[in-house]
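Each chain is listed here by its residues.
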Amino acid sequence: MALWGMVIDLDKCTACQACMVACKSENNVPFVGKGQAERGRVISWLDMVTETEEEYPEARTKFIPRPCMHCDKPPCVKVCPVYATYRNPEGIVAQIWDRCIGCRFCMAACPYNVKYFNWHQYRIPKTMERGLNPDVYVREWGVVEKCTFCSHRLLKARDRAAAERREMRADEYIPACVEACPSNAMYFGDLKDPESTVSALSRSPRAFHLLEDLGTEPKVTYLMEGERHALR
Amino acid sequence: MHSASHRLNFDEHRTLFDPIANPKKGVTIAMGILVALSAWGALCYFLQWRYGLGASGLNQPVLWGFYITNFVFFIGISHAGTLISAILRMAQAEWRRPVTRMAEVITVAVLFIGAANILFDLGRPHKVYMPLFYGRYQSPLLWDAMSITSYLTASSVFLYIPLIPDIAILRDRFADRKWLHRFYQVLSFGWNGNPKQQKVLNVGIAIMSVVVIPIAVSVHTVISYIFSMTVQPMWHSTIFGPYFVCGAIFSGIAALIVMMVTLRRVYHLESYLKPIHFNYLGVLLLVMSLLWFYFTFSEYLTGFFGHEPSEMRVFWSKFTGPYAPFFWTMVFCNFVVPVIILSFKKLKTITGVLVASIAVLIGMWLERFTIIVPTLANPRLPYPSGIYFPSWVEWGIMLGSFSFFVFLYLLFSRFFPIISIWEVHEGKEVGVKEVEERVKSYLPESAANVST
């Protein structure tokens, strides 16, 4: 069984945020509207974290695309009182929308703040209803939602392979953000396969994880910026 | 002491029957106002139910606010009752007699409100039964549900058992009132005060006193685990368990004192609740205040010395940042005010103890708030840190919660004696002699006794 993981090369990332838009439309993430956004209730499964280094010789802002880390030791899973969030055998930290009672304990426990709450019943504008993705559930108010690594795409790819009576290839399953990235900064694949691109890249000396010292063992690996400067 | 109810002179304890026999108009009006305020809270909750939790001021990083603060605060208050009463009973403190009932009622009334605040906080309260089918026992939230339900059960029993002889007294006292008599007859369980019943009662109280203490301690420990089991800055702390229990008892005593002073005034209980009672409770409050300060000091000093960047962000947001007014008011109310008032005999009057207790209640509420919100507002990753302004819906529900608690308390006092009649009576009949003998048994035996 595969272990799905992602690698994001920060050197290649231009912070264009195409991944964020792709994610939003792929997963039927609701628009909360201006008023709600001002109150800090934007839902953005894949967010762009900005970090400005002030003390370094020159002030520089880093941009870090941040999906769910799909931790191997997820702090959110342990605290859910109803098994509404769990780590599935392929390493995806999944969420059962319909079982969530909305206690938001998982949100409080997640050190990456990747979980989002539906504070209201958000409605998709009528003109955009046809743009909804039929493969993804539309969430009710009062539930927590998060990045699923577009696991519906995995199911689809697997079904297609089964229908064609063959094994599914790892490259048949790619999340929307990775597919949309114009500068090819995101990679996706099976971390268990030592030959895969993600495995190779995550062994790179540039590889690091967010908040690595918390022991959550994230499956999203970042490649540090500055390679080109170093090579020059 | 047996058949106490038969030898009891009803007139002697008339002040205790008065709230039931001749309810005061003022109390009825107060109850009406409290019901109206509770109804306002209920309306606010209805709006939230209708439009979702978005009706609150909660947002992305600050996803827990007033409801969870109130939940922790109310469950903390509940430690007034059962724990204090159980400890005083086990210690055979004679002065406990007029105090225990008042304390036990607080526990039961406030537990309902505390548990309700968890429901207010749920995004989908109609799915609250889910843990019954899919419960994950690794989640501290479920530990909470379990310990609070067992606490509620145990403390209801603990309130009810010593109430039985009093209900029997009421049954006899109100023999002429048809419905009231019926009501008490059912609840009194055929109590007639014979030696066998009395023995069973005493054993029951003794067992419950022992059982209730570990349950009470577990309740607030487990509540602290909600926070300390996560890896969030300034939550992930090993002393949170005892720290929360200490704070719970602290705020519990304060709530008890406020209730006692109020009811003493309203129901003219001056001959039962004497300055000495407030003096003793004031000493307990002082001890808890010092203990609370010790815990707070240890918690923040270790955090400060460790100097972990994410911890320090939360730390400074409390010490000098946006939460500083709340933090320093908390220190002032929880430490400065009670220690000054309760250390000097001149200030330690009933009014003084009342002022200290009100300060502690405010301070402890702020303590819960400053533990919960600043950590959420300052997440580890460099996000814009959150702000939190409670909406009027949250204020309304909070007002309703407090009002309903006081209403439940007054409702109890309308139908049951708020001071245990039989226990006070027993103190007079048996206690004095028992204490004398007990004190004698502490003393070195005199030469005359040794020689015989």
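All of these numbers come straight from a predicted model, not from anything done at the bench. (Residues numbered from 1 in each chain as written. Chains lettered and ligands numbered in written order. Predicted model: local features only at pLDDT ≥ 70, side-chain atom pairs only at ≥ 80, totals over all residues. Heavy atoms only, no water.)

## Considering the overall build of chain A
Across its full length, chain A holds eight helices and ten strands. Overall, the C-alpha framework of chain A stretches about 50 × 50 × 40 Å when taken along its three principal axes. Across the 232 residues of chain A, 54% fall into the buried class. Long-range contacts, defined here as pairs at least 24 residues apart, represent 63% of the contacts in chain A between residues at least 6 apart. In the form shown here, chain A has an accessible surface area of approximately 11,200 Å², with 52% of it arising from carbon and sulfur atoms. Side chains of chain A carry 32 positive and 31 negative charges; the gap between the two charge centres is 5 Å. (Helix = DSSP H or I, 4+ residues; strand = E, 2+ residues; numbered from the N terminus. Buried < 20%, exposed > 50% of the residue type's maximum accessible area, 1.4 Å probe, protein only. Contact = heavy atoms within 4.5 Å. Areas by Shrake-Rupley, 256 points an atom, 1.4 Å probe, with all protein chains shown as cover. Lys, Arg positive; Asp, Glu negative; His and termini not counted. Charge placed at Lys NZ, Arg CZ, Asp CG, Glu CD.)

## Some details on the sheet that holds strand E10 (residues 220-223) of chain A
Residue and element names in this part refer to chain A. Strand order in the open sheet formed by four strands is E8-E1-E10-E9, and the pairing between neighbours is mixed. Here the strands that pair on one side only, and so sit at the sheet edges, are strand E8 (186-190) and strand E9 (207-208). Bridge analysis of strand E1 (residues 4-9) against E10 gives four bridges, and the strand direction is parallel. When the sheet's bridge partners are listed, Met6 is paired in E10 with Val220. (Pairing = 2+ DSSP bridges.)

## Looking at a nonpolar patch on the surface
On the surface, a cluster of nonpolar side chains totalling about 650 Å² of accessible area is made up of Tyr83(A), Tyr86(A), Tyr129(B), Leu132(B), Phe133(B) and Tyr134(B). Broken down by element, the nonpolar patch gets its largest block of residues, three residues, from helix H7 (residues 130-134) of chain B. Assignment of secondary structure puts Tyr129(B) in the loop between helix H6 (100-121) and H7. (Patch = residues over 30% accessible without salt bridge, like charges linked within 9 Å, V, L, I, M, F, W, Y side chains within 5 Å. Salt bridge = Lys/Arg side-chain N within 4 Å of Asp/Glu carboxyl O.)

## Let's talk about the pattern of salt bridges
This model, assessed by the stated rule, comprises 27 salt bridges over all chains. One salt bridge connects Lys34(A) with Glu38(A), and the closest N-O pair in it is separated by 3.8 Å. Of the two residues, Lys34(A) and Glu38(A) are both situated in helix H2 (residues 34-38); the distance of four residues between them amounts to about one turn of the helix. Neither residue differs from the other here; Lys34(A) and Glu38(A) are each classed as exposed. Close ionic contact of Glu367(B) with Arg368(B) constitutes a salt bridge, the shortest N to O distance being 3.0 Å.

## Points about the confidence of the model for chain B
All names here are of chain B. Overall, the predicted model of chain B reaches an average pLDDT of 89, with 96% of residues at or above 70. Between the elements of chain B, mean pLDDT differs from a low of 50, seen in helix H1 (residues 4-7), to a high of 95, seen in helix H15 (residues 324-343). Below pLDDT 50 for its whole length, residues 1-5 participates in 15 contacts with residues either more than four positions away or in separate chains. (pLDDT = per-residue confidence, 0-100.)

## Quick word on the pairing of E1(A)
Residues and elements named next belong to chain A. Taking burial as the measure, the six residues of E1 include six buried ones, the bulk of the element. Side chains of E1 alternate between two faces, with Trp4, Met6 and Ile8 and Gly5, Val7 and Asp9 buried alike. Sheet analysis places E1 next to E8, joined by five bridges and oriented antiparallel. Bridging from a neighbouring strand, Gly5 pairs with Gly189 of E8.

## Here we look at the interface of chain A and chain B
The interface is formed by 44 residues belonging to chain A together with 41 residues belonging to chain B. Between chain A and chain B we count three salt bridges in total. A salt bridge links Asp98(A) to Lys127(B), with the shortest nitrogen-to-oxygen separation between them at 4.0 Å. Linking chain A with chain B are 24 residue pairs in polar contact (both at pLDDT 80 or more), by the criterion used here. Put simply, the parts of the chain that give the side of chain A that touches chain B at least two residues each are strand E2 (47-53), helix H3 (75-79), helix H4 (105-109) and strand E6 (116-117) of chain A. Taken together, the residues of the side of chain A that touches chain B sort by class into 26 nonpolar, seven polar and eleven charged. (Polar contact = N/O pair within 3.5 Å; in protein donor to acceptor, adjacent residues only side chain to side chain. Nonpolar A, V, L, I, M, F, W, Y, C, P; charged D, E, K, R; others polar.)

## Details of the packing of aromatic side chains
Applying the stated criterion to the full structure yields 60 aromatic pairs over all chains. Seen in terms of ring centroids, Phe240(B) and Phe244(B) are 5.2 Å apart; in terms of plane orientation they differ by 35°. Their pairing is tilted. Here Phe240(B) and its partner Phe244(B) are both found in helix H12 (residues 240-267), four residues apart, which amounts to about one turn of the helix. Each member of the pair Phe240(B) and Phe244(B) is classed as buried. Judged by centre distance (4.2 Å) and plane angle (10°), the rings of Phe315(B) and Phe319(B) are stacked. Here Phe319(B) and Phe315(B) lie together in helix H14 (residues 309-319), a separation of four residues that amounts to about one turn. Considered together, Phe315(B) and Phe319(B) belong to a single accessibility category, that of buried residues. Pairwise contacts between aromatic rings join Phe105(A), Trp64(B), Phe227(B), Trp235(B), Phe240(B), Tyr243(B), Phe244(B), Tyr294(B) and Phe295(B) into one cluster. The ring of Phe17(B) is capped by Arg173(B), whose NZ or CZ atom sits 5.5 Å from the centre of that ring. (Phe/Tyr/Trp six-rings, centres within 6.5 Å; stacked < 30°, edge-to-face > 60°. Lys NZ or Arg CZ within 6 Å of the ring centre and 35° of its normal.)

## Describing H12(B)
All names here are of chain B. Between the first and last C-alpha of H12 there are 39 Å, a value that for 28 residues agrees with the 40 Å anticipated at 1.5 Å per step. Taken across its 28 residues, H12 has 24 buried, putting it largely inside the fold. Directly beyond the C-terminal end of H12, a positive phi value near 55° is found at His268. (Expected span 1.5 Å × (residues − 1).)

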